[in-house]
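Architecture and fold: a report
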Amino acid sequence: AALTVALIHAFRDANNLTSFIRREDVVRLAQRVEHEWRGVRCGILDQGCVVMSKPGALTVLDCAEYQRRFAKADDPTTSTSRGTSATLRRSGSDDTDEETSPQNPLRWFGGDWTPSRHGPSRIDPNVDESGREVSKDFWDDGPDAGSDLPFAVVLAFSGIRKPLTRTGYNDRVDECQRAARLLLDASGRGVPRDVTPLLHMVTREEWTAARDAMEMTSEEILPANLARRARHFFEENQRVANGVRAWRDGDVASFGALVNASGASSVENYECGCEQITALWKIAKNVAGVFGARFSGAGFRGCVVALCEPGRAAMDAAESIAGEYARLYPDLAADAPVIVTRPGRGAFILRNEDQ
C-alpha cells in the first residue's frame, strides 16, 4: 500500500493533477491496484492511514461512509457495496475537501491537543466560519510534531513475507459476505439484486437479535465460523468508538486495553493469525511498559504494532520483544527487526529543497 500510494503521489505531482486527484482519490486508486492487479480484496485501512495520517493524531476511517461517497460521486446507480471503482474529480486548487457532508468520513483528531497519562485532556477543535469542525492541514506541523506524546509506537516484524493471496485473507472476505447475507435474510430484509452483501448493511440491533437467538435457543442462523466473523466485525466497531472516546479523554491505558482486545478478537474470532505472528503478539502484549498490541493490517504475516511507554521504557520493551521472539524462532530473527517510532504525517512529496 505504501509503495502504491507513493507512486500515485509522484504521478499526480509530475503531471500537475493535484486539483483533479485528491487525497481521498489516492486512497481509492491504491485500493483498486490491490483489487485488480494483486488480487487482494482489501478495504481502505492501509491506504487510508498512509495517505491521511497526521503527526500525533488519531485517524478515524469510516469505511461505510467512504464507500457511499464514492459510489455517489461516480454514478448514482452504482451499488454502494462494491467499493472497487475509482474516480477523478475536479476540486478547488487548494486540494481541500469540498464535500457537503457535515462529517468527513476520513477525519482525524489533533490540532493543539495531545492525550495525557494523567487524566482527561481538553480538545480545542478547529472550526470554520459557520462553527463546523474542520481538520487542521497536514502541513501545519513541523518535523517534531508528535514528539511530546505520552506513548511510543513499537513495530515488531515477524519475518513472514508470504503474499496475502496465499493466505486466508480473501477467504475471510467471502465469509463476511456470507455472514452478511444470512443475517440480512434472517432480518427479513434480504439482499437487493446485484448488490454484494456487507456486514455494515446489518444493523447492530439485527446482529444482537441474531446473536441472542443463537445463544439462547441454539438456532443456527449462522454457522459457527461465520458467527465468529460477524462477532469480530460488530465488536471491533464498538472498540473503535470506545477507542475514540479514550483518545479524546487522554486515557492511553484504556486505549491500550482496547488494542489488546482487538488483537485477541483477531486471533479468536477472525482467525487471521499464523503461528509465528500470534506468538509475537502474545510476547509484545505481555512485555512491561506496553499499553496494548495487535496485528498490523491483515495479520497473516507482517508485523505487530504496540503502544508503549515512551523513552527508555520503549527501548527496553523493543529489546525484550526481539530477544524472546529470536529465542522462539531463531531462523526468522535476522529478518525480524523491532523498532521504536512515533506517528508521522501522511504521504507527501519531498522535493530537493526540503532535503
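Residues numbered from 1 in each chain as written. Predicted model: local features only at pLDDT ≥ 70, side-chain atom pairs only at ≥ 80, totals over all residues. Heavy atoms only, no water.

This next bit is on the packing of aromatic side chains. All chains considered together, the criterion is met by six aromatic pairs. Taken together, a centroid distance of 6.4 Å and an interplanar angle of 70° make the contact between Trp281 and Phe295 edge-to-face. Placement of Trp281 in helix H9 (residues 275–285) and of Phe295 in strand S6 (residues 290–295) is noted, with a sequence separation of 14 residues between them. Like Trp281, the residue Phe295 is buried in the burial classification. Feature note: the residues Phe151, Trp247 and Phe255 constitute an aromatic cluster, connected by ring pairs. In this arrangement the basic side chain of Lys285 is found over the ring face of Trp281, its NZ or CZ atom lying 5.1 Å from the centre. (Phe/Tyr/Trp six-rings, centres within 6.5 Å; stacked < 30°, edge-to-face > 60°. Helix = DSSP H or I, 4+ residues; strand = E, 2+ residues; numbered from the N terminus. Buried < 20%, exposed > 50% of the residue type's maximum accessible area, 1.4 Å probe, protein only. Lys NZ or Arg CZ within 6 Å of the ring centre and 35° of its normal.)

Within the largest apolar cluster, 56 residues are counted, with the highest numbers of intra-cluster contacts made by Leu183, Leu199, Trp207, Leu222, Val304 and Ile321. Broken down by element, this core gets its largest block of residues, seven residues, from helix H5 (residues 169–187). Ignoring anything within four residues of it in the chain, the contact list for Leu183 reads Leu199, Val202, Trp207, Ala210, Ile221, Leu222 and Ala230. The next biggest cluster of nonpolar side chains, apart from the first, holds 14 residues, and it includes Phe151, Val153, Trp247 and Val259. (Core = buried A, V, L, I, M, F, W, Y, C linked by side-chain atoms within 4.5 Å. Contact = heavy atoms within 4.5 Å.)

So, about the sheet that holds S6. Here four strands make up an open sheet; going across it, the order is S6-S7-S5-S8 and the pairing antiparallel. Among the strands making up the open sheet, the edge pair consists of S6 and strand S8 (338–341). This sheet shows a mean twist of 20° between the axes of neighbouring strands, independent of strand direction. Judged from the six bridges that link them, strand S5 (residues 152–157) and strand S7 (residues 303–308) form a sheet pairing that is antiparallel. Within S7, the position partnered with Val154 by the bridge is Ala306. Where H9 meets the sheet, its contacts fall on S5, S6 and S7, and the angle it forms with S6 comes to roughly 170°. (Pairing = 2+ DSSP bridges. Axes fitted to C-alpha atoms, helices over the stretch in contact; angles between N-to-C directions.)

All right, on to the packing of H5 against helix H7 (residues 224–248) then. As a packed pair, H5 and H7 sit with axes 9 Å apart at the nearest point and diverge in direction by 95°. In terms of orientation, H5 lies roughly perpendicular with respect to H7. Residues Arg172, Glu175, Cys176, Arg178, Ala179, Leu182 and Leu183 of H5 lie in contact with H7, whose contacting residues are Asn225, Leu226, Arg229 and Ala230. When grouped by side-chain class, the residues that make up the contact of H5 with H7 number six nonpolar, one polar and four charged. (Parallel < 35°, antiparallel > 145°, perpendicular 65-115°, else oblique. Nonpolar A, V, L, I, M, F, W, Y, C, P; charged D, E, K, R; others polar.)

What follows is about the pattern of salt bridges. In this structure the tally under the stated criterion is 15 salt bridges. Between Glu271 and Arg228 there is a salt bridge, with its nearest N and O atoms 3.1 Å apart. Residue Glu271 is located in the loop between helix H8 (252–268) and H9, and its partner Arg228 is located in helix H7; the two are separated by 43 residues in the primary sequence. Judged by relative accessible area, which is 29%, Arg228 ranks as partly exposed. Here Glu324 and Arg327 are joined by a salt bridge, their closest N and O atoms 2.6 Å apart. You can see Glu324 and its partner Arg327 sitting in helix H10 (residues 312–328), three residues apart, about one turn around the helix. Relative accessible area serves as the criterion here: at 29%, Glu324 is assigned to the partly exposed category. Among the charged side chains, a network of salt bridges with common partners joins Arg172, Glu175, Arg228, Arg229 and Glu271. (Salt bridge = Lys/Arg side-chain N within 4 Å of Asp/Glu carboxyl O.)

The next point concerns the confidence of the model for the chain. Should pLDDT be low for a region, the predicted coordinates there are not to be read in detail. Within the chain, residue pLDDT values average 78, and 74% of them lie at 70 or more. Predicted confidence is poor over residues 70–129, with pLDDT under 50, and the contacts of this stretch with residues over four places away or in other chains come to 144 contacts. Below pLDDT 50 for its whole length, residues 131–143 participates in 33 contacts with residues either more than four positions away or in separate chains. (pLDDT = per-residue confidence, 0-100.)

Next up on the list: the pairing of S5. Most of S5 sits inside the fold, with five of its six residues counted as buried. By the bridge criterion, four bridges tie S5 to S8 in an arrangement that is antiparallel. Residue Ala156 lies in a different strand from S8, and its bridge partner there is Val338.

Structurally, Leu328 can be placed in helix H10. Take Leu328: its relative accessible area is 37%, and that puts it in the partly exposed class. A C-alpha to C-alpha distance of 8.8 Å links Leu328 and Gln276, two positions 52 residues apart in sequence.

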